[in-house]
Amino acid sequence: MSQILKNKIPLSGLSKDEIGQFISQELNWEKFRIEQIHSWIYAKNSDNFQAWSDFSLDKRVILAEKFAIPLVETKERQISKKDKTEKYLFSLPDGQLVESVLMRFKDRDSLTACISSQVGCAVGCPFCATGKLGFKRNLIAAEIVDQVMSMQRISGEQIHNLVFMGQGEPLNNLDNIVKAIQIFRESVGIGVRHITVSTSGIVPKIIELGETKIQINLAISLHSAKQELREKLVPVARRWNLFDLMQALKVYFDQTGRRITFEYTMLKNINDTNEDAQALSDLVRDLPFPCLINLIPYNSTDSEFECSDRNRIQQFKSIVERSGRKATIRITLGSDISGACGQLANKNT
Ligand code: SF4
């Protein structure tokens, strides 16, 4: 990574150990400097070495010569007129682009960021704009963390909740997301219980994630409780069927004790009939772990899919709730800037 920012080492997004390695390799400074640098990057979120007042002027010049902040470069920031959702387009050191979204929910004071874990995505769900990009590469942990640091710096606000629901299938990049979660906890100050990882259902990785015992929230992109239809909407279901998935979630729950959320995007005349609702109700009724069903009004992309009508979603919800499980309808934010769920496709609009 050291050669990627015009021969400067990017300091943001790194763990304290990594910062320490760079400082000792490049500068051979005293150890207490690591703590100071860590504090300027994370607690003070500074990208201006000249402001680092506990370093001498000479040292600030050396820092600016050798290091750079941030790692990701902000190409564009769009703010929704409807609900003040902010969408960021970031350029990575190799020129690839990803998007992140900052959301304000009316019922909460705290800010939530939706972040990306990959450039593009290999899963290829047909209703998702990211899926159409295909897969380019995994993000490294620092690129994941620096999306949050950059949004905090630019917006001037503290982010309290994170959802891995931006571009990419997070569990196909498990090592980097686990490392990023550790940095969020230890350096950025975002607790793991405020972090949600959303997966299309990569069964072996769900089990691996459970083994880490990290107390994050796990969300499953279910989208249908009928195997045949789910295979069309979430192509990884051809490899891991609903039975395999529920077994893996039981193992995950036994390891972590965490409730599972099922995400269900409401697609008109595709997965929104009473029969579909009944299939979902039947699936969740007797699951041996606590779960919540989150119904997501579909946000239109360039696909042939449409969102179910409001009344249909309400009716669907009532049928699902007959299972005894709680169901909610997600509030849509940022739809006017293509910042809503499933709309992230790196388009400058
Ligand atoms: S919905 Fe998620 S898993 Fe499916 S293609 Fe889009 S980003 Fe990938």
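Residues numbered from 1 in each chain as written. Predicted model: local features only at pLDDT ≥ 70, side-chain atom pairs only at ≥ 80, totals over all residues.

S.K.: Whenever I open this one, the site of the ligand confuses me. Can you help?
M.R.: Lining the immediate environment of the ligand, one finds 13 residues, of which Cys-121, Val-123, Cys-125, Cys-128 and Gly-131 sit closest. A breakdown of the residues in the shell around the ligand according to their chemical character gives 4 nonpolar, 8 polar and 1 charged. (Near = placed C-beta within 6 Å. Nonpolar A, V, L, I, M, F, W, Y, C, P; charged D, E, K, R; others polar.)

S.K.: Sorry, what's going on with the nonpolar core here?
M.R.: The biggest cluster of nonpolar side chains holds 99 residues, and the ones touching the most others in it are Val-145, Val-148, Leu-162, Phe-184 and Leu-280. Here this core gathers at least three residues from each of two domains, domain 1 (9–68) and domain 2 (73–337). Not counting chain neighbours up to four residues away, the residues in contact with Phe-184 comprise Val-145, Leu-162, Ile-190 and Ile-195. (Core = buried A, V, L, I, M, F, W, Y, C linked by C-beta atoms within 7 Å. Buried ≥ 20, exposed ≤ 12 C-beta atoms within 10 Å, placed from the backbone. Domains from an automatic or database assignment. Contact = placed C-beta atoms within 7 Å.)

S.K.: Sorry if this is basic, but what is going on with the sheet that holds strand E5 (residues 97–104) here?
M.R.: In a beta sheet, neighbouring strands pair by backbone hydrogen bonds and run either parallel or antiparallel. Here 10 strands make up an open sheet; going across it, the order is E3-E4-E5-E6-E9-E10-E11-E12-E13-E14 and the pairing mixed. Across the chains shown, the open sheet's two edge strands, defined by having one partner strand only, are strand E3 (73–79) and strand E14 (326–329). Direction aside, the axes of adjacent strands within the sheet are offset by 25° on average. In the sheet, strand E13 (residues 291–297) pairs with E14 via 4 bridges, with the strands oriented parallel. Bridge pairing links Leu-292 to Lys-326 in E14. (Pairing = 2+ DSSP bridges. Helix = DSSP H or I, 4+ residues; strand = E, 2+ residues; numbered from the N terminus. Axes fitted to C-alpha atoms, helices over the stretch in contact; angles between N-to-C directions.)

S.K.: When you look at the packing of helix H9 (residues 274–285) against helix H10 (residues 310–321) in this model, what are you seeing that I'm missing?
M.R.: Axis angle and axis distance: for two packed helices, these are the angle between their axes and the distance between the axes, and together they describe the pair. Relative to each other, H9 and H10 sit at 30°, their axes nearing to 8 Å. When the axis of H9 is compared with that of H10, the two are roughly parallel. Pair H9 / H10 crosses with right-handed handedness. For the pair H9 and H10, contact is made by Asn-274, Ala-277, Gln-278, Leu-280 and Ser-281 and by Phe-316, Ile-319 and Val-320, respectively. (Parallel < 35°, antiparallel > 145°, perpendicular 65-115°, else oblique. Left-handed = near helix turned anticlockwise from the far one by under 90°.)

S.K.: What should I look at first to understand H9 in this one?
M.R.: Because an α-helix packs 3.6 residues into every turn, residues spaced three or four apart end up facing the same way. If you check H9, its first and last C-alpha atoms are 16 Å apart, about what 12 residues at 1.5 Å a residue would give, namely 16 Å. Along H9, the residues that are buried comprise Asp-276, Ala-277, Ala-279, Leu-280, Ser-281, Leu-283 and Val-284. Where H9 is buried, its residues meet strand E12 (260–266), E13 and H10. (Expected span 1.5 Å × (residues − 1).)

S.K.: Can you walk me through the domain arrangement of the protein chain in this structure?
M.R.: One frequent convention defines the size of an interface as the accessible area lost when the parts assemble. Under the domain assignment, the protein chain is made up of domain 1 (9–68) and domain 2 (73–337). Measuring from the centre of the C-alpha atoms in domain 1 to the corresponding centre in domain 2 gives 34 Å. Taken residue by residue, the interface counts 10 residues in domain 1 and 11 residues in domain 2. Partitioning the side of domain 1 that touches domain 2 into residue classes produces 3 nonpolar, 5 polar and 2 charged.

S.K.: Looking at this structure, I do not really get the packing of helix H6 (residues 203–212) against helix H8 (residues 242–256). What am I missing?
M.R.: Between H6 and H8, the shortest axis-to-axis distance is 8 Å and the interhelical angle comes to 5°. Relative to H8, the element H6 is oriented roughly parallel. In this structure, H6 uses Val-203, Ile-206, Ile-207, Leu-209, Gly-210 and Glu-211 to contact H8, whose residues at the interface are Asp-244, Leu-245, Ala-248, Leu-249, Val-251, Tyr-252, Gln-255 and Thr-256. Looking at the contact of H6 with H8 residue by residue, the class counts come to 9 nonpolar, 3 polar and 2 charged.

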